[in-house]
Amino acid sequence: MSPLQEELRQRLNQLPGVDIAAAKIALRPGFPLTVLTDSDARDALLDHLRWFYDQAQASASDELIMV
């Protein structure tokens, strides 16, 4: 598991009702959709996903520059 995946897992586990085990992050872990009924949790999830996207894009850009 990459440090980025671990950070995302930790961020997602901060959401109420989400408990993704470290061993499951390389698979396709899920969480109950009822988590999304809470607007604060939904907003936090979107923030975490935006953060992950930004980090992945920055990492990809760094790799292109190094090549």
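So, here's what we can say about the structure. Here the structure is a predicted model, which means the values were calculated and not measured.

Thresholds applied
Residues numbered from 1 in each chain as written. Predicted model: local features only at pLDDT ≥ 70, side-chain atom pairs only at ≥ 80, totals over all residues. Heavy atoms only, no water. Helix = DSSP H or I, 4+ residues; strand = E, 2+ residues; numbered from the N terminus. Buried < 20%, exposed > 50% of the residue type's maximum accessible area, 1.4 Å probe, protein only. Contact = heavy atoms within 4.5 Å. Areas by Shrake-Rupley, 256 points an atom, 1.4 Å probe, with all protein chains shown as cover. Lys, Arg positive; Asp, Glu negative; His and termini not counted. Charge placed at Lys NZ, Arg CZ, Asp CG, Glu CD. Salt bridge = Lys/Arg side-chain N within 4 Å of Asp/Glu carboxyl O. Polar contact = N/O pair within 3.5 Å; in protein donor to acceptor, adjacent residues only side chain to side chain.

Remarks on the overall build of the protein
So, point 1. Scanning the protein from terminus to terminus reveals two helices and zero strands.
So, point 2. Taken along the three principal axes of its C-alpha coordinates, the protein extends 45 × 25 × 15 Å.
So, point 3. Each of the 67 residues in the protein was classed as buried or not, and the buried ones make up 19%.
So, point 4. Of the contacts formed within the protein by residues at least 6 apart in sequence, a portion of 45% connects residues at least 24 apart.
So, point 5. Of the roughly 5000 Å² of accessible surface on the protein, a fraction of 57% belongs to carbon and sulfur atoms.
So, point 6. Between the mean site of the 6 positive side-chain charges and the mean site of the 10 negative ones, the protein shows a separation of 7 Å.

Some words on the pattern of salt bridges
Opposite charge on two side chains permits pairing when their charged atoms draw close.
So, point 1. With the rule as written, the count across this model stands at three salt bridges.
So, point 2. Residues E6 and R9 are paired through a salt bridge, measuring 2.8 Å at the closest nitrogen-oxygen approach. In this pair, E6 and R9 are both assigned in helix α1 (residues 3-12), three residues apart and thus about one turn of the helix distant. With respect to burial, E6 and R9 carry one shared label: buried.
So, point 3. For the salt bridge of D47 with R50, the shortest nitrogen-to-oxygen distance reads 3.1 Å.

As for the environment of I20
So, point 1. One can find I20 in the loop between α1 and α2 (39-66).
So, point 2. A relative accessible area of 5% means that I20 is categorised as buried.
So, point 3. When the C-alpha positions of I20 and D47 are compared, they lie 18 Å apart, and in sequence the two are 27 residues distant.

So, the environment of V18
So, point 1. Residue placement: V18 occurs in the loop between α1 and α2.
So, point 2. Taking the relative accessible area as the measure of exposure, V18 reaches 6% and is therefore buried.
So, point 3. On a C-alpha basis, the gap between V18 and P32 in space is 7.5 Å, while along the polypeptide they are 14 residues apart.
So, point 4. Every residue in contact with V18, bar those within four places of it in the chain, is listed here: L12, N13, F31 and V35.

Focus on the side chain of E6
So, point 1. There is a polar contact of 2.7 Å between the side chain of E6 and the side chain of Q10.
So, point 2. In this view, E6 contacts M1 and A22; residues no more than four positions away in its chain are not counted.

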